[in-house]
Amino acid sequence: MGRTLAAKVWDAHVVHRGGSDPDDDLRGAAPDLLYIDLHLVHEVTSPQAFDGLRLAARRLRRPDLTIATEDHNVPTTDIELPIADAVSRTQMETLRRNCAEFGVRLHPMGDLEQGIVHVMGPQLGLTQPGMTVVCGDSHTSTHGAFGALAFGIGTSEVEHVLATQTLPLRPFKTMAVIVQSRDGTLPTGVTSKDIILAVIARIGTGGAAGYILEYRGNVIEQLSMEARMTICNMSIEAGARAGMIAPDATTFAYLAGRPHAPAGAQWDAAMRYWSGLHTDADATFDVQVHVDADALTPFVTWGTNPGQGLPLSERVPDPEQMSDEGERCAARKALAYMGLQPGTPLREIAVDTVFLGSCTNGRIEDLRAAAAVLAGRQVREGVRMLVVPGSMRVRAQAEAEGLHEVFTAAGAQWRSAGCSMCLGMNSDQLAAGERCASTSNRNFEGRQGTGGRTHLVSPLVAAATAIRGTLSSPTDLN
Amino acid sequence: MKAFTRHTGVGVPLRCSDVDTDQIIPAAYLKGVSRTGFQDGLFAAWRAREDFVLNHDAYRNGSVLVAGPDFGTGSSREHAVWALLDYGFRAVISPRFGDIFRGNAGKQGLLAAQCERADVEALWDVLETGPGSEVTVDLVEQTVRAKDLTVDFTIDGYTRWRLLEGLDDIALSLRHARQIDAFEAQRPSWLPTTTT
C-alpha cells in the first residue's frame, strides 16, 4: 500500500511511535513523538516559552535548528528611530535578550534578512523538502509549498520544541485538493490567491480541520514557488494545520544556490531523498476535492471569515436566501459588521485603503504583478495604498528592479518589511469603519484595526482596486 | 499543569459560530511578555457592546463557555487560552474546535469539550431560559450536565489522560530523551542548520 507525501515526511521524523511502550495503553491513543528540523521564532509568541525554559532550568536543545526574526510588531516607517510604542519595544527587546541568552540567531529590524518569518525561511534556503518546520504562527503552513510538513504551534509547543526539538502529534487525516485545467494554466487575471480563496469558500473555515492538505493537479505543477507558498499559506484558513505540495524541478531550481541549501555531494544526497517525496500512485486520501481551474475568475471576500467569498463578478449575498441556519446567522452578522447591503455588486464596493503585503502576498512576484498593473497609472484620490515587502531582501530586490518607483509614482506608500496591516500590531491599522482591499489572509472582525473592514484579494485585484477605488480586476481598467 | 477532573460553574451561552482567536483576544492585547494578565483582552471588542453576553450580570462570573461550531479558528495565539483562563473559564464546549486552539487548551488545563451541535443548542436553551445556571463538566464521565440535561462530549484519549493526571507534556517527552539522541545521531548531514 502506497503512502501519501504527508505520511512519508511524518514517518521519516518519528522519534517514538505512540502506543509502542507497554504502559502506553494507559493513555489511550498516545501520539507519535516527531522530530522538528527547523523552528522559526518571532517576538509575539516566544517570550513566555523562553520564560518557561528558565523556570524549569531547561536548556535550549538545538539552537542550531532555531532562528528568530522580528516581524509582527515592527514599524514599517522610520525604522532607524527607536520604536515609539513602548509595549512593542519591550517585546522586541525581550526577544533580543532571549536570543542572546540562549544563543539563537536573530535577524533584527534593519537587517537585510529581517522580515516576515515565513518569507525569511524560504529566502535563506532553510525551508527544504521533506523537513518538519514549526513556528508559533498559524501561517507556518506556507513552508508546505516545498513539500515540508510545516504547521503553526502555540506557545506551550514553542517551549516544548525549544526544550526537546520534538512535538507529540496525533496522526492527521489527509485531503487532496486537485486543481486542474485543460492545459495546466490559469485564466487571465486569476492567481493562486484566487484558487485558495475559492477552495476555502467551498469547504469552509473548518472544512479541513484535522486534515493535512495536499495540493495536486496540473495547475499546481505549473505554479511558481511563490504562488505555491500563497496557496499553502492559507491552508489554515480552511482549518488545516498544514498544506503540502510535492517538490519538483520548480522547487529544486528555487532552492539551488540559496545560502542554506545543500551543495555538491550534499545536494546529490538530498536529491535522493527529495525525489521520493510524492504521494505514491496507489496511496489513498481520506477526502478529495476537485477544482476546475478553467472556471475560476478573480475571487474576493465579502464577509468576516475567509470562507465568505465569491467571484468578483457576483453580488453581496442575501443571508435570507441561505438554507443553513448557522450560515444565515453568520452572514447577517458579517454584513452588519461590513456595512454591506445584499444585492450590491461586489465591483461597486468602494474602499479607502489598499494593503499589498503579508506572508500570503508580500513576495517579489506579488510586488511585480501589482506594479505591472499600476505602471503609468495613479492610485485614486482618497485611497491610500500601503506596499509592504515581506522582507528587507524582497524590498531590496524590488528597488533593484525599480518597482518602488512605480509604486511611489502611482501614489502608493513604499514601506519597510513586516506583518504590518495584516494584523495591525504596529501602527499600520484601519480606523473604525474604514474599508480595505487586502492581499493578506484574514478578514476577521477588527483584524486590521478595531472596526476596520477587510476584503481579501489577490495582488492583481489590489492594484486594480487602488486605481478605480472600488473592488476591481485589471480587466476593468481597459 | 493543574489537573482537571470535574468542574461546576456558571454556563455562558455564546450563540456564535466561527469565533476566531482574533475575536477571543485581539492583536493589540498580545504584546505582553509574561504569562498573566490577559483577562482584559478576552473578547475585548465584543465586551465593548452592552448587549454582549459577558456584560449581563447573570453570566459575568461564568466559567463554562458554550459556543457554536469552529471555535478558536485562525491565529495560533495561545493568548486566547490564557485570556479565557485568566478571566475564569475552565471549560469551553463547542461542536468543533480549531486544531491549534484545542491543542493549546490541552496544554494549559482548559478543557475543550466537543459536543454534538444539537446538544450545544439544547445547552444554550437551558442557559438562556435560566440565566446564571450552573453547568457541570465531568472529564471522568465525559458528560456535561445543566439542570435536567446531560449530554456526552468527546476529547482525545491522550489529552484526557494528561488533564486528569495534570501532567506536563515536556516532562513526558523527555522520558524519550535517549530516543531523541538516537534519532539525532542518524539525521542526514545535508539537513540545514541555522548557524552555518
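In short, a report on the structure. In this text the structure is predicted, and so the values were computed from the model without any measurement.

Side note on the overall build of chain A
Scanning chain A for helices and strands turns up 16 helices and 19 strands. A principal-axis box enclosing the C-alpha atoms of chain A has dimensions of 65 × 55 × 45 Å. A total of 478 residues make up chain A; the buried ones form 66% of that total. For chain A, long-range pairs separated by at least 24 residues make up 75% of all intrachain contacts whose partners lie at least 6 apart in sequence. Averaging the locations of the 41 positively and 53 negatively charged side chains of chain A gives two centres separated by 1 Å.

Brief notes about the pairing of strand β10 (residues 211–216) of chain A
Residues and elements named next belong to chain A. Counting buried positions over the 6 residues of β10 gives 5, a clear majority of the element. Bridge analysis of strand β9 (residues 173–180) against β10 gives 6 bridges, and the strand direction is parallel. Along β10, the bridge assignment pairs Ile178 with Arg216. In the classification by handedness, the crossover that spans β9, the intervening helix α6 (residues 192–203) and the parallel β10 is right-handed. Relative to strand β11 (residues 242–244), β10 is paired through 3 bridges, and the arrangement is parallel. Bridge pairing links Ile212 to Ala242 in β11.

Structural notes on the sheet that holds β10 of chain A
All names here are of chain A. Strand order across the open sheet formed by 4 strands is β11-β10-β9-β12, with parallel pairing between neighbours. Looking at the sheet topology across the chains shown, the edges are occupied by β11 and β12 (287–292). Direction aside, neighbouring strands of the sheet carry axes that sit 20° apart on average. Taken together, the 6 bridges between β9 and β12 define a ladder with parallel strand orientation. Residue Ala176 lies in a different strand from β12, and its bridge partner there is Gln288. Set on the sheet, α6 makes contact with β9, β10 and β12; between it and β12 the angle comes to about 130°.

Considerations on the sheet that holds strand β5 (residues 105–107) of chain A
Residue and element names in this part refer to chain A. Across the sheet, 5 strands lie side by side as β5-β4-β3-β6-β7; this open sheet has parallel pairing. Where the open sheet ends on each side, the last strands, each with one partner, are β5 and β7 (149–152). On average, adjacent strands in this sheet sit at an angle of 20° to one another, irrespective of strand direction. Note: strand β3 (residues 38–41) against strand β6 (residues 132–135), 3 bridges, orientation parallel. Residue pairing in the sheet places Leu38 in a bridge with Val133 of β6.

A look at the packing of aromatic side chains
The full count for this structure, using the stated rule, is 18 aromatic pairs over all chains. Measuring from ring centre to ring centre gives 5.8 Å for Phe407 of chain A and Trp414 of chain A, while their planes differ by 10°; the resulting arrangement is stacked. For Phe407 of chain A, a relative accessible area of 0% translates into the label buried. Between Phe97 of chain B and Phe101 of chain B the ring centres are 6.2 Å apart and the planes differ by 15°, which places this aromatic pair in the stacked class. The two residues Phe97 of chain B and Phe101 of chain B agree in class, both being buried.

Focus: the pairing of β3 of chain A
Residues and elements named next belong to chain A. Here β3 shows a buried face lined by Leu38 and Leu40 and a second buried face lined by His39 and Val41. Relative to strand β4 (residues 66–69), β3 runs parallel, the two sharing 3 bridges. From the neighbouring strand, Leu40 faces β4, where its bridge partner is Ile67. In this region the chain leaves β3, passes through helix α2 (residues 47–55) and returns to the parallel neighbour β4; the handedness of that crossover is right-handed.

Structural notes on helix α6 (residues 157–165) of chain B
All names here are of chain B. When α6 is considered as a whole, its buried residues turn out to be Tyr158, Thr159, Trp161, Arg162 and Leu163. Next to the buried residues of α6 lie α4 (99–108), β4 (111–114) and α7 (169–174). At the N-terminal end of α6, a side-chain oxygen is found 3.1 Å from the backbone nitrogen of Tyr158, two or three residues along, and the residue is Asp156. Directly beyond the C-terminal end of α6, a positive phi value near 65° is found at Gly166.

Here we look at the nonpolar core
Leu40, Leu149, Phe151, Leu167, Val179, Tyr215 and Trp274 of chain A are the most contacted members of the largest nonpolar core, which has 88 residues in total. The greatest single-element share of this core, amounting to 6 residues, is contributed by α6 of chain A. Aside from chain neighbours lying at most four places away, what touches Leu40 of chain A is Ile67, Val117, His118, Met120, Val133, Val134, Cys135, Gly136 and His143 of chain A. One finds Leu340, Ile349 and Val394 of chain A together with Tyr87 of chain B within the second-largest nonpolar core, a separate group that totals 84 residues.

Side note on the interface of chain A and chain B
Tallying the contact residues gives 84 residues for chain A and 56 residues for chain B. With both sides pooled, the region where chain A packs onto chain B buries about 5,600 Å², and carbon together with sulfur makes up 56% of that total. Our enumeration of links across chain A and chain B arrives at 8 salt bridges. Between Asp181 of chain B and Arg61 of chain A there is a salt bridge; the shortest N-O distance is 2.6 Å. Viewed at the interface, chain B and chain A are joined by 36 residue pairs in polar contact (both at pLDDT 80 or more). Here the residues of the side of chain A that touches chain B sort into 33 nonpolar, 30 polar and 21 charged.

Thoughts on unusual backbone geometry
Residues and elements named next belong to chain A. A positive phi angle is found at Gln165, which is not glycine, with a value near 60°. Locating Gln165 in the fold gives a position in the loop between α5 (155–164) and β8 (166–169). Classification of Gln165 by relative accessible area gives buried; the value is 0%. The backbone of Ser358 shows a phi angle near 90°, a positive value even though the residue is not glycine. Note on placement: Ser358 falls in helix α12 (residues 358–361).

Topic: the pattern of salt bridges
Between side chains of opposite charge, a pair can form as their charged atoms come close. Taken as a whole and assessed by the stated rule, the structure comprises 42 salt bridges over all chains. Asp476 of chain A is the salt-bridge partner of Arg347 of chain A, the closest N and O atoms lying 2.8 Å from each other. Of this pair, Arg347 of chain A sits in the loop between α11 (325–338) and β15 (353–356) while Asp476 of chain A sits in the segment after α16 (459–468), and the two are 129 residues apart along the sequence. Among the salt bridges present, the one from Arg49 of chain B reaches Asp51 of chain B, with a minimum N-O distance of 3.4 Å. For Arg49 of chain B, a relative accessible area of 39% translates into the label partly exposed. Here Asp51 of chain B falls in the exposed class, since its relative accessible area comes to 56%. Each of Arg61, Arg62 and Asp64 of chain A together with Asp181 and Glu184 of chain B takes part in salt bridges that share partners, so that together they form one network.

A short note on the environment of Val117 of chain A
Residues and elements named next belong to chain A. Take Val117: it is sitting in helix α4 (residues 117–123). Judged by relative accessible area, Val117 falls into the buried class, the value being 0%. Spatially, the C-alpha atoms of Val117 and Gly418 are 8.9 Å apart, while their sequence positions differ by 301 residues.

Rules used throughout
- Residues numbered from 1 in each chain as written.
- Chains lettered and ligands numbered in written order.
- Predicted model: local features only at pLDDT ≥ 70, side-chain atom pairs only at ≥ 80, totals over all residues.
- Heavy atoms only, no water.
- Helix = DSSP H or I, 4+ residues; strand = E, 2+ residues; numbered from the N terminus.
- Buried < 20%, exposed > 50% of the residue type's maximum accessible area, 1.4 Å probe, protein only.
- Contact = heavy atoms within 4.5 Å.
- Lys, Arg positive; Asp, Glu negative; His and termini not counted.
- Charge placed at Lys NZ, Arg CZ, Asp CG, Glu CD.
- Pairing = 2+ DSSP bridges.
- Right-handed = clockwise from strand over helix to strand, strands pointing away.
- Axes fitted to C-alpha atoms, helices over the stretch in contact; angles between N-to-C directions.
- Phe/Tyr/Trp six-rings, centres within 6.5 Å; stacked < 30°, edge-to-face > 60°.
- Polar contact = N/O pair within 3.5 Å; in protein donor to acceptor, adjacent residues only side chain to side chain.
- Core = buried A, V, L, I, M, F, W, Y, C linked by side-chain atoms within 4.5 Å.
- Buried area = accessible area lost by both parts, 1.4 Å probe.
- Salt bridge = Lys/Arg side-chain N within 4 Å of Asp/Glu carboxyl O.
- Nonpolar A, V, L, I, M, F, W, Y, C, P; charged D, E, K, R; others polar.

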